[in-house]
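# Chain and residue survey
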Amino acid sequence: MKQNRRSGQALWQVVLAAMWHRKGFGILLFGVAALGVFASAALQNLTVRQEAAMAEMVRDTQIHCVVTDAHGTDSDNLGMFSAFVDMLLGLRRERGCYLDEYVKNVRAKASFPLEQPADMTLRRILSFDSDSALADVAGVRIELAEGWAEAVFQTDARVCMAPEGLGTQPGAEGQPCINVIRNGVPLTLQVIGTVYGGPGNVIWCPFYLQQEGVTEAFLVESCSFDICLGLKGRRVFGQVFAEQVLLAIPGAVVGGSAGLLLEGSFSAGALARAGLILGIFLAGAAAACWKVTRVNVMKLMKVEE
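Overview of the structure. (Residues numbered from 1 in each chain as written. Predicted model: local features only at pLDDT ≥ 70, side-chain atom pairs only at ≥ 80, totals over all residues. Heavy atoms only, no water.)

A surface patch of nonpolar side chains, amounting to about 320 Å² of accessible area, comprises Phe81, Phe84 and Leu219. Mapped onto the fold, Phe84 is located in helix H3 (residues 82-89). By relative accessible area, Phe84 is classed as partly exposed at 45%. (Patch = residues over 30% accessible without salt bridge, like charges linked within 9 Å, V, L, I, M, F, W, Y side chains within 5 Å. Areas by Shrake-Rupley, 256 points an atom, 1.4 Å probe, with all protein chains shown as cover. Salt bridge = Lys/Arg side-chain N within 4 Å of Asp/Glu carboxyl O. Helix = DSSP H or I, 4+ residues; strand = E, 2+ residues; numbered from the N terminus. Buried < 20%, exposed > 50% of the residue type's maximum accessible area, 1.4 Å probe, protein only.)

Now the structure itself:
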C-alpha cells in the first residue's frame, strides 16, 4: 500500500516537473481544460434557457381556431350546446379534459327571437368580437356608459347594449332599461351601451344572462378561440442554432490545440481544409434548424368527415 502511494506521488512530481520546464505547454493545456469547462457550463445554461423558452412557447404564441360543423363548411349555424363553451372557459370539466389550460380569448354568440319588443332578437355574446356585426370594419361604433367595461358580457349581469333609436324606460334608480319578453318570461335589462351603425333589430346581452336566476343550456351559433402553442420561428431558430455553434466552436478549438501540441505547427492547406469542414457543418446545421423550426403546425392537423 505504501509503495503504491509513493508511486502515485512520484508520478505527480514527474508531471509537475515536466509542466514547469514546459511552461507554454502547461498554460495551453490549462487553457484547453478551462475552455472545455466553460463550454460545458454554457451548454448547461443554454439547456435551461431552452426549457424556459419552451414553457414560454406554450404560453405566448396563439393559433386562431374556428369551430365548424363536421364537414368544415359552416361556422355560423352550429347548433352546439353551450356546455362546450363552458368547457373552453373552464366552467365545466370532464375527467382528463382541461381545455381551459390551453385555450384563451373564447368568442361565442347565440341568438333568440323576442316577443317584446316585437321583431327584435336577443343576442348573447362573450365579447364584442364574438359578433362580426360589431366589428369596426362594418362601420359600427360602440359607446358604453361610464363605469362599464366589455368584461361584463362574460358574466350573468342583467344588462344589455341597444341599437341607436331603440326606446328605453327609466328603471328603479333612474337608469335606462328595456323590458323584454322571451318564451313568455318577462325580463328587465339595464342599458349600459349603445351601438351606432349596427343592425337595428338586435339587443346584445351577456352570454350567461340568467332568467329568473336559473342557469340554462342553449344552442350556440358560432364559436372561436385561440390556442397557445409556440414562439416565433426566428426566435426558435436562433436558440436551436446557437446550440450547434456552441458545440462546433469549442470542438474546433480543442482539436486545433491538440494538433498544435502534437505537430508543433499547422500548414496553410490544413487550416483551409479545417475551416471548410467547419463551414460546411455550420451551414448544414443552419439549414436543418431552419427547416425544423419553420414547420407549420396547422398543416399537420387533419379534419376527418
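Back to the text.
All right, on to the environment of Ile63 then. Residue placement: Ile63 occurs in strand S1 (residues 62-66). Take Ile63: its relative accessible area is 14%, and that puts it in the buried class. C-alpha of Ile63 to C-alpha of Ile227: the two residues are 164 residues apart in sequence and 5.0 Å apart in space.

Pro117 follows Gln116 through a cis peptide bond whose omega is -5°. Within the fold, Pro117 resides in the loop between strand S3 (103-113) and strand S4 (121-125).

The topology assignment puts Ala217 in the loop between strand S10 (202-206) and strand S11 (219-220). You can call Ala217 exposed: its relative accessible area is 61%. For the pair Ala217 and Ala83, spaced 134 residues apart in sequence, the C-alpha separation works out to 6.8 Å.

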